[in-house]
Amino acid sequence: MTVALELKNVTKQFGSVIAMTEVSMEVTSGSVTCVLGDNGAGKSTLIKTLSGVHKPTAGEFLMDGQPVDFDSPREAIAKGIATVYQDLATIPMMSVWRNFFLGNEITIGWGPFRMLNIKKMKALSKQQLLEMGIDLRDTDQPIGTLSGGERQAVAIARAVYFGAKVLILDEPTSALGVRQSGIVLKYVLSAKERGVAVVFITHNPHHAFLVGDRFYLLNRGKMINEFQRKNVKLDELTMAMAGGAELEALTHEISQVKGK
Amino acid sequence: MANAVKDERVQKTSPITTLLRRPEFGALMGALAIFLLFSSVDTTGNFGQPGGIAGWTDIAAPIGIVAVFVALLMIGGEFDLSTGVMVGTTGLLTGVLVTELGLDLWTSIFLVLLFAAGVGLLNGWLVVTTGLPSFIVTLATFFVLRGANLAVTKQFTGTVRVSLTEETANYDQAAALLASKIEFAGASFQISILWWIFFTILATWILTRTKFGNWIFASGGDANAARNAGVPVIRTKIILFVMTSMAAAFVGIMFVLRLKGMQAGQGVGVEFFYIIAAAVGGTLLTGGMGSAIGASLGAVIMGMAYIGIPYALWDSDWTFTFLGLILFTAVLINTFVGKRAMKGRKK
């Protein structure tokens, strides 16, 4: 397996605030790399660095072994790094096919008479979604009529179709129920099977454990731990999520027991 | 793998639901209802005849031409309150360039369109760079132009009116294209109606059949998500402001040719007609949804009210009240029906 993305001792400072300190990580193609961290651990800064929003203050950012220096998210997208944001992935009132091809519309005709090839886009989006296992009756329906999990799934399918080599998922399951999260996790796996390097950012070790191949633990802007799939158990992962996180999980469990 | 999704597909969408979901559906029903209403209370027997139709389409055409582009702008998530006064400004400017500065009529028309594009560009640029609501920015433009209309007109003519005579070189050509009448079915229709139909088709094509149209929906629907998908949101919005401003200029030029002059106060207040037409036509004020055909139907409704009220021998002082009620009812029905249809589709 090849290393698609690599961070070497990357530090990001905003004025006097150090958001990330000497973070190193490897993201390999055809695998799911999970970044676990509590609120304020530096997950957002990491995502924004990977997707070209922020430039590292120090350290190296390598893609396919070559150093890269993105000035904007568009440059990162052009290089094949696609980011699916939790709430900002799709436009609710637009149809599924319009969302799927947004920014990458297929057109026919010439010059001022160039128009959308609607038939082709409808057929292609339906087929592509089907290949990812999303079976929609009608790609003409507004995407807002789909469930949250399905919308995330369409956004993932879109990124994969448009040639994403690296797919960054920002908390894709955090706002979803159990069943919906399941849907999204399945698409994470199908993206992986297609050879995409998936970066799955979450604060939920349960979800991460279901799909992850490699786990990074981020706390207070530092990578505090790293696990491989084969030598870690779920409770170890949960425990490792630092003292505060452990306590939080415990509180969460207790409140659940009390609630029921 | 598809099992989880499959149960979302139990219900087939009926063609009626599909129809109800169209944003212009409410406006179409409204137009039919208003037509039937005024036909039934008509005292002249002329409302549904070619003569009457020529009358209310004449009112509707200049509203419709601007309203379709206002609708596009609103779908793109922005407002333009300077469109009404822009009709006046561009008409006055055409008159001043020709009569006072002695420029050729065609050159003047070209310069006026260029000026309008510039104002649209400025509106758009100010909105995207300052981040202020377009409501405020274009309200400012509205007042700036309103003052300038009066001041500049007085400066040049000493009165509040600019005139344009038939003796102006090329007047015949320009008037034939923009301000003539066409005899049809025993009535004379304004040529503006053809332009209105043309612009409605053009705007509909842009909105539903082009890449730019896709970007309009996206920019108004969720600018952030659109940007993440690679849509040039800023450029899209600025172009929309330019188009809206130029549509207003087109109508201003049409009016100055037809009326052979223009009053300094012309167009003030008309911007709301365009917004009403767009809203009645199913365009969401928050952006992301709407239709150019709907805006045109909204203009038809206004034209019918303007002609239908005097035909019914009602007190035409109440025209605005009537339009206000139409606006409220139409938007209420649009919202209600639209929501129902959306839900009907979900499960």
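In case you missed it, the structure is sitting above this.
Residues numbered from 1 in each chain as written. Chains lettered and ligands numbered in written order. Predicted model: local features only at pLDDT ≥ 70, side-chain atom pairs only at ≥ 80, totals over all residues. Heavy atoms only, no water.

Turning our eyes to something else, we now look at a nonpolar patch on the surface. Residue and element names in this part refer to chain B. The grouping of Ile182, Phe184, Leu194, Ile197 and Ile201 at the surface amounts to a nonpolar patch, some 490 Å² of accessible area in total. The set of elements that each furnish at least two residues to the nonpolar patch consists of strand 2 (181-184) and helix 9 (192-209). With three residues, the single largest contributor to the nonpolar patch is helix 9. Position of leucine 194 relative to the elements: it lies in helix 9. Residue leucine 194 is classed as partly exposed on the basis of its relative accessible area of 48%. (Patch = residues over 30% accessible without salt bridge, like charges linked within 9 Å, V, L, I, M, F, W, Y side chains within 5 Å. Areas by Shrake-Rupley, 256 points an atom, 1.4 Å probe, with all protein chains shown as cover. Salt bridge = Lys/Arg side-chain N within 4 Å of Asp/Glu carboxyl O. Helix = DSSP H or I, 4+ residues; strand = E, 2+ residues; numbered from the N terminus. Buried < 20%, exposed > 50% of the residue type's maximum accessible area, 1.4 Å probe, protein only.)

The next subject is the pattern of salt bridges. A side chain of one charge can pair with a side chain of the opposite charge if their charged atoms are brought near each other. Per the stated rule, a full pass over the model turns up eleven salt bridges over all chains. Close ionic contact of Asp140(A) with Lys122(A) constitutes a salt bridge, the shortest N to O distance being 3.1 Å. On the criterion of sequence distance, the pair formed by Asp140(A) in the loop between helix 4 (118-131) and helix 5 (148-161) and Lys122(A) in helix 4 is long-range, its members being 18 residues apart. Among the residues examined, Asp140(A) registers a relative accessible area of 33% and is labelled partly exposed. The salt bridge partner of Asp58(B) is Arg258(B), with a shortest N-O separation of 2.7 Å. With a gap of 200 residues between them, Asp58(B) in helix 4 (residues 50-75) and Arg258(B) in helix 12 (residues 233-259) connect regions that are remote in the sequence. Connected through shared salt-bridge partners, Glu26(A), Arg214(A) and Glu226(A) make up one network.

Our next topic: the sheet that holds strand 6 (residues 81-84) of chain A. Residue and element names in this part refer to chain A. Read across the open sheet, the six strands follow the order 6-9-10-3-11-12; overall the sheet is mixed. Two strands in the sheet have a free side with no partner beyond their single neighbour: strand 6 and strand 12 (222-228). Within the sheet, the average angular offset between the axes of one strand and its neighbour, ignoring direction, is 20 degrees. Inspection of the sheet shows strand 11 (residues 214-219) paired to strand 12 by six bridges, in the antiparallel sense. Pairing of leucine 218 across the sheet is with methionine 223, part of strand 12. Packed on one face of the sheet, helix 1 (residues 43-50) meets strand 3 (31-37), strand 6, strand 9 (166-170), strand 10 (197-202), strand 11 and strand 12 and runs near 155 degrees to strand 10. (Pairing = 2+ DSSP bridges. Axes fitted to C-alpha atoms, helices over the stretch in contact; angles between N-to-C directions. Contact = heavy atoms within 4.5 Å.)

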